[in-house]
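One letter stands for each residue in the lines below.
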Amino acid sequence: MFTYFHIGNLAKECLCRGYNIGIWELDCSTGSNEYFSTYSFGKADPDLKTVSGSVGLTQQFGIFTLGQAWKTDGLLGLIGVDTEEIGAKFYSILSAHSVKDGSMQKRRRSKMAPAGFTVEYSKDDSEEERQSPKVVPAGVDFIPNVDFQMKMPSFRYVGSMAKQCLYRGYDVGIWHFECTTQSDKISVYSIGEANPDLKHVTGGVGIREKFGALNLTQAWQSNGYLGMIGACTQAFGAFVYALVRGTYGPKEDASAKIDLLAGFERSPIKSEVIIPILKSPKFLGYLLVEPIEHFVLACRMEFNIEERAIDAHAFCIGYSDETTEYGLKLENFKDVRGSVFQRLGDKWGVALKANLFGKDMKKFTVGGQYQINEKAMIKARICDTGLTGLVYQIKLNDNVEGNYYFGFDATSPLKGEHKIGIAWRFRG
């Protein structure tokens, strides 16, 4: 049967639909399987200063439905029941809306339709990784810069197995939701995260489209927009690619920044550079060489154009095979950092990451992982500060995976800081 809003629906479709969508509007709904559905929505107002939208997730448990949405004005959680009795359909949904000032609003709704919100993204990295320069525009890194099939690793590959063991899933806020939907020519990305204070929601939505060798990308966030056009070609046995990227708005004091990401790959050499074009103050680049199988040598540099000085540089060497990984980095000729990952049989693995020389020599993180079965894994770690974390990872299939995190201060388990986090990633 129809609803109340069906009255005059054809007239509304003719007179209203499409006349008030701002500068752009992106709406995506993905039913990952019979139990999960994901929603993403983004919109820019005509003044180009305000981004609104939403990301949401619903889960089906028999006659019950659980939903979570992330919005500009807070968070929305809801639980509903749907059943058929004596030839009639009965349903009821109870929702709770937490607005930015921390107050709660409860109301009944007749359908699940997450509303709009403004989002930013906070990457799941260690403190060390956050302090290191990244080869991505600030604030927009949930969309891959290059969507081409490269054969060689990048600079960040060194120590990657230890990072996966020690950092992935340990810093996801209260909620973290990530969804990627891809076809041959179009890819849609959305990400949402609720910070531990439950008053801020961060994330973003973006779309990429392919036109032959060209890639066009647009991403929207509360702290800025990203526009990117790139191309990749193969010549003389080498991959060569270039991407012009611009970040801008939406705040009045946020000026546009433009840079050029260029890369070259031909075994055993790979290199990437970021060349500033407009109000982008730093030149970044790295060179990686894979002289023999399992070994890599690399260096990177960050040059400040305005001050005409090198802000940071690093040299590293790495070794990895199916069971073992070693990484060693020399940063600014002052600090030496090392990492080790070792598999113990088919199910166990241990990792260590530590400062070996220079400042903060007492800083370390040690942890391990246990593969319960093909779909589930548990991990644990402890840092030099006493912060201890436990992570349960589950992979339902190749497209759906989740993380559950609990952290506490081992020096004061009861009175110290406690953290929880839930993250789900969907690809379609």
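Residues numbered from 1 in each chain as written. Predicted model: local features only at pLDDT ≥ 70, side-chain atom pairs only at ≥ 80, totals over all residues. Heavy atoms only, no water.

Q: Is there a simple way to explain empty space enclosed by the protein in this structure?
A: The method is simple in principle: a probe with the dimensions of a water molecule rolls over the atoms, and the space it marks as empty is what remains. For the coordinates displayed, the defined rule picks out 3 cavities of 30 Å³ or more. The space that makes up the largest cavity amounts to roughly 60 Å³. As for the largest cavity, its lining consists of 10 residues, and the residues nearest its centre are Gly327, Lys329, Arg337, Ser339 and Lys353. When residues of the lining of the largest cavity are traced back to their parent elements, those giving at least two are β19 (324-331) and β20 (335-344). Its residues assigned to classes, the lining of the largest cavity comprises 2 nonpolar, 4 polar and 4 charged. (1 Å grid on protein atoms, 1.4 Å probe; cavity = no way out; pocket = protein on both sides within 12 Å on 5 of 7 lines; lining within 4 Å. Points joined across faces, edges and corners; volume = space filled by probe spheres on them. Helix = DSSP H or I, 4+ residues; strand = E, 2+ residues; numbered from the N terminus. Nonpolar A, V, L, I, M, F, W, Y, C, P; charged D, E, K, R; others polar.)

Q: Any chance you could explain a nonpolar patch on the surface here in plain terms?
A: Where nonpolar side chains cluster on the molecular surface, the patch consists of Ile292, Phe295, Leu297, Ile317, Leu328, Leu356, Phe357 and Met361 and spans about 740 Å² of accessible area. Its place among the elements puts Leu297 in strand β17 (residues 295-304). (Patch = residues over 30% accessible without salt bridge, like charges linked within 9 Å, V, L, I, M, F, W, Y side chains within 5 Å. Areas by Shrake-Rupley, 256 points an atom, 1.4 Å probe, with all protein chains shown as cover. Salt bridge = Lys/Arg side-chain N within 4 Å of Asp/Glu carboxyl O.)

Q: Mind showing me how you'd approach the pattern of salt bridges here?
A: If the charged atoms of two oppositely charged side chains come close together, the side chains can form a pair. Taken as a whole and judged by the stated rule, the model has 7 salt bridges. Across the pair Lys270 and Glu265 runs a salt bridge whose closest N-O atoms are separated by 3.7 Å. Both residues of the pair, Lys270 and Glu265, belong to the buried class. Between Lys282 and Glu302 there is a salt bridge, and its shortest N-O distance comes to 2.5 Å. Here Lys282, found in strand β16 (residues 282-289), pairs with Glu302, found in strand β17; they are 20 residues apart in sequence, far enough to count as distant. Classification of Lys282 as partly exposed rests on a relative accessible area of 29%. What emerges from the salt-bridge pattern is a single network uniting Lys282, Glu302 and Asp311. (Buried < 20%, exposed > 50% of the residue type's maximum accessible area, 1.4 Å probe, protein only.)

Q: How should the side chain of Lys379 be read in this particular structure?
A: Among the structural elements, Lys379 can be located in strand β23 (residues 376-383). Among the polar contacts made by the side chain of Lys379, one reaches the main-chain carbonyl oxygen of Arg168 at a distance of 2.9 Å. (Polar contact = N/O pair within 3.5 Å; in protein donor to acceptor, adjacent residues only side chain to side chain.)

Q: For this particular structure, what's the right way to read the packing of aromatic side chains?
A: Think of a pair of aromatic rings as described by two things: how far the centres are apart, and how the planes are tilted against each other in angle. Under the counting rule described, the total for this entry stands at 9 aromatic pairs. With 4.6 Å between their ring centres and 45° between their planes, Trp348 and Tyr370 make a pair best called tilted. Placement of Trp348 in strand β21 (residues 348-357) and of Tyr370 in strand β22 (residues 364-371) is noted, with a sequence separation of 22 residues between them. An aromatic cluster is defined as three or more aromatic residues linked by ring pairs; in this entry it consists of Phe295, Tyr319 and Tyr326. Directly above the ring of Tyr170 sits Arg381, whose terminal nitrogen or CZ lies 4.4 Å from the centroid. (Phe/Tyr/Trp six-rings, centres within 6.5 Å; stacked < 30°, edge-to-face > 60°. Lys NZ or Arg CZ within 6 Å of the ring centre and 35° of its normal.)

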